[in-house]
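# Tertiary structure, described
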Amino acid sequence: MITLRHELAIYTAAGLGILAMAAASVDFRHGAFFREDGVVEMTAALLFLAALVIGVHRRLFRSWTGFIFCVLALLACLSEISFGARFLDFAMPAMAGGGELDGAQDLVMLAYRAAADRGLLPLAGVLVVVLPALVSVLAWRSGHLAQVVAWFNADDGRSTLAVGMAVIGLAVVLDVMEAVRFAEETLELFGAALFVTAALRLDR
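Residues numbered from 1 in each chain as written. Predicted model: local features only at pLDDT ≥ 70, side-chain atom pairs only at ≥ 80, totals over all residues. Heavy atoms only, no water.

### Concerning the confidence of the model for the chain
Per-residue confidence for the chain gives a mean pLDDT of 81, with 88% of residues at or over 70. Mean pLDDT per element in the chain: helix α5 (residues 85-88) is the minimum at 70, and helix α3 (residues 39-57) is the maximum at 92. (pLDDT = per-residue confidence, 0-100. Helix = DSSP H or I, 4+ residues; strand = E, 2+ residues; numbered from the N terminus.)

### Brief notes about helix α9 (residues 156-177)
Along its 22 residues, α9 runs 32 Å from first to last C-alpha, staying within 8% of the 32 Å computed at 1.5 Å per residue. Of the residues making up α9, those classed as buried are Gly157, Thr160, Leu161, Gly164, Val167, Ala171, Val172, Leu174, Asp175 and Val176. Within two residues after α9, Glu178 carries a phi angle of roughly 55°, on the positive side. (Expected span 1.5 Å × (residues − 1). Buried < 20%, exposed > 50% of the residue type's maximum accessible area, 1.4 Å probe, protein only.)

### A look at the packing of aromatic side chains
The final tally for this structure, using the stated rule, is seven aromatic pairs. With a centroid separation of 6.1 Å and 70° between ring planes, the pair formed by Phe34 and Phe182 is classed as edge-to-face. Of the two residues, Phe34 is situated in the loop between α2 (26-30) and α3 and Phe182 in helix α10 (residues 181-201); the sequence distance between them amounts to 148 residues. A single burial state applies to Phe34 and to Phe182, both of which are buried. Their ring planes at 90° and their centres at 6.2 Å tell us that Trp64 and Phe67 sit as a pair that is edge-to-face. Note that Trp64 and Phe67 are positioned in helix α4 (residues 64-80) at a spacing of three residues, about one turn of the helix. Classification of Trp64 by relative accessible area gives exposed; the value is 69%. One aromatic cluster in this structure is built from Phe28, Phe33, Phe34 and Phe182. (Phe/Tyr/Trp six-rings, centres within 6.5 Å; stacked < 30°, edge-to-face > 60°.)

The following block contains the structure:
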């Protein structure tokens, strides 16, 4: 029987393999795989769509966790295809500083640019590090952290979804920094695979 740990190991090995090939081959890195609407991006979009379809079929939306999952899967799928803008030949709203507002991650990009323009990036960086640490310490001292851990452990799908969101969050960071596109796309593909796994594992 394949367990969650086995699935995570398979996804991680596959992702590292793609990253290794991209790092070693310029043609692979800049070819059909990682370009806009390329193989990796379209595969991720299809996986997010599959996660949504599985979630709806299993009626996961009846619980709050499942409903949030379905909404996130839909947004992730639409973000991967720029809400259909390129397929249907229409333009998404332009963003300050360049680019188009064609994905949920672009909201983070706008916040990053606004902070940079106002010289608030150091403060924002400190808050990003300090606030989660402070919340974790308070949750631990109050005993709520143990309850949260128990809640995640009660359902493999919840922990899978959390890992998937963390992976996608890392991809968003790379997107905002406008660096290592092939790594960003690989992480999004990894996150999409985790979403499919979560759709199959979440308790109804």
